[in-house]
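Residue strings, one per chain:
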Amino acid sequence: MRTDTTSATLAIFAANRARGAVAFDVHQVEGVTRRRHLHESGSLRVRFPSPEAEGLSAVFVNTAGGVAGGDRFDIDIAAGEGARLAVTTAAAEKIYRAEGPAARINIALKAEASSRLAWLPQETILFDRARVLRRFDIDLSESASLLLCEIVVFGRAAMGERMLEGEFVDRWRLRRGGRLVFAENIRLDGDIGEKLASPAVAKGGVAIGTALIVPGDEALVERIRGVTNSFGGEVGISAWNGFAMARFCAQDAARLRADMMAVLGRASGSALPRLWLN
């Protein structure tokens, strides 16, 4: 049975959790993408640098300075017909050690007919004993294009820290033309360090990544495989159901980031966000 002291401690903990939400949509006006509606709350903010050509860039900033146990962040983005939008983050996102409930991150992306949406955040870094539940819901029109990447780093190599324990749950759902074409659940928990050391999981790698490219076909796969000699980590790519997916695993984040940039460069004719090049 919980004591009054325990209940008070839990109430204080809940009251001090970060909450952040951003919802916005963009549309095309005379061939140029412009922001339409925007809602921000809590510690999550989005900024729109000067437009580049006819597209629009968006940069997320977490004023909480990272994500701790019990925090919750919700992102909802929609690209209207013919719009072009590239989204990134101002810095790598840090997921801190959690003693209580896991952090929750929910991301919803929608792209309407003939639009082009790029979701290109910088790395997510999990500290030892971090706990996070993340969810992606992606809804694309048949004629929309999507370029999406995610990099997850287990531990802080620069600080000599490995992620030994924790929880990482990632749920992805991709619909195209209203039809579910990709669904995946990933769960790493408990002795994560030991599991990553397994040859069947990461073979000692501490950084993993995914690039999702829509539309994607075998011609795209072959074009990307043309740069395999430059890869510093393990990269596999395939295409099915009208999209292509690349998987990455490396011994350090810098190596995986370089591999990701090589793949994205071949997959898209557009330049990466400037923040990726700093």
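Structure's up top.
One structure accompanies this document, and this report is about it.

### Describing the nonpolar core
Counting residues in each nonpolar core, the largest one holds 51 residues, and the members touching the most others are Phe-60, Trp-119 and Leu-212. Take this core: its biggest share by element is five residues, from strand β8 (residues 103–111). Leave out the neighbours within four places in its chain, and Trp-119 touches Phe-60, Ile-75, Ile-77, Val-87, Ile-107, Leu-109, Phe-136, Leu-147, Leu-148, Cys-149 and Glu-150. With 29 residues, the next largest nonpolar core counts Leu-120, Phe-127, Phe-248 and Leu-264 among its residues.

### So, the pattern of salt bridges
Should their charged atoms come close, side chains of opposite charge can pair. Overall, the coordinates contain 17 salt bridges when judged by the stated rule. Ionic pairing is found between Asp-25 and Arg-36, a salt bridge with its closest N-O pair at 2.9 Å. With Asp-25 in strand β1 (residues 19–29) and Arg-36 in strand β2 (residues 32–42), this pair connects stretches of sequence that are eleven residues apart. You can call Arg-36 partly exposed: its relative accessible area is 42%. Note that Lys-195 is salt-bridged to Asp-189, the shortest N-O span being 3.2 Å. For Lys-195, a relative accessible area of 34% translates into the label partly exposed.

### Comments concerning helix α4 (residues 253–267)
Over its 15 residues, α4 runs 21 Å from end to end, which matches the ideal 21 Å to within 8%, given 1.5 Å per residue. Listed as buried for α4 are Leu-256, Arg-257, Asp-259, Met-260, Val-263, Leu-264 and Ala-267. All buried residues of α4 project into a common sector of 165° when viewed along the axis, lining one side. Looking at the buried positions of α4, the neighbouring elements they touch are β12 (145–154), β15 (207–214), α3 (218–225), β16 (234–240) and β17 (243–250). Looking at where α4 begins, the residue whose side-chain oxygen comes 3.2 Å from the main-chain nitrogen of Ala-254 is Asp-252.

### Overview of the pairing of β16
Of the strand pairs in this sheet, β16 and β17 are connected by seven bridges, and their pairing is antiparallel. By the bridge assignment, Glu-234 is partnered in β17 with Cys-249. Joining the antiparallel neighbours β16 and β17 is a turn of two residues, in which Asn-241 adopts a positive phi near 55°.

The rules we used
Residues numbered from 1 in each chain as written. Predicted model: local features only at pLDDT ≥ 70, side-chain atom pairs only at ≥ 80, totals over all residues. Heavy atoms only, no water. Core = buried A, V, L, I, M, F, W, Y, C linked by side-chain atoms within 4.5 Å. Buried < 20%, exposed > 50% of the residue type's maximum accessible area, 1.4 Å probe, protein only. Helix = DSSP H or I, 4+ residues; strand = E, 2+ residues; numbered from the N terminus. Contact = heavy atoms within 4.5 Å. Salt bridge = Lys/Arg side-chain N within 4 Å of Asp/Glu carboxyl O. Expected span 1.5 Å × (residues − 1). Arc of directions from axis to C-beta. Polar contact = N/O pair within 3.5 Å; in protein donor to acceptor, adjacent residues only side chain to side chain. Pairing = 2+ DSSP bridges.

That's the geometry; what it means functionally is another story.
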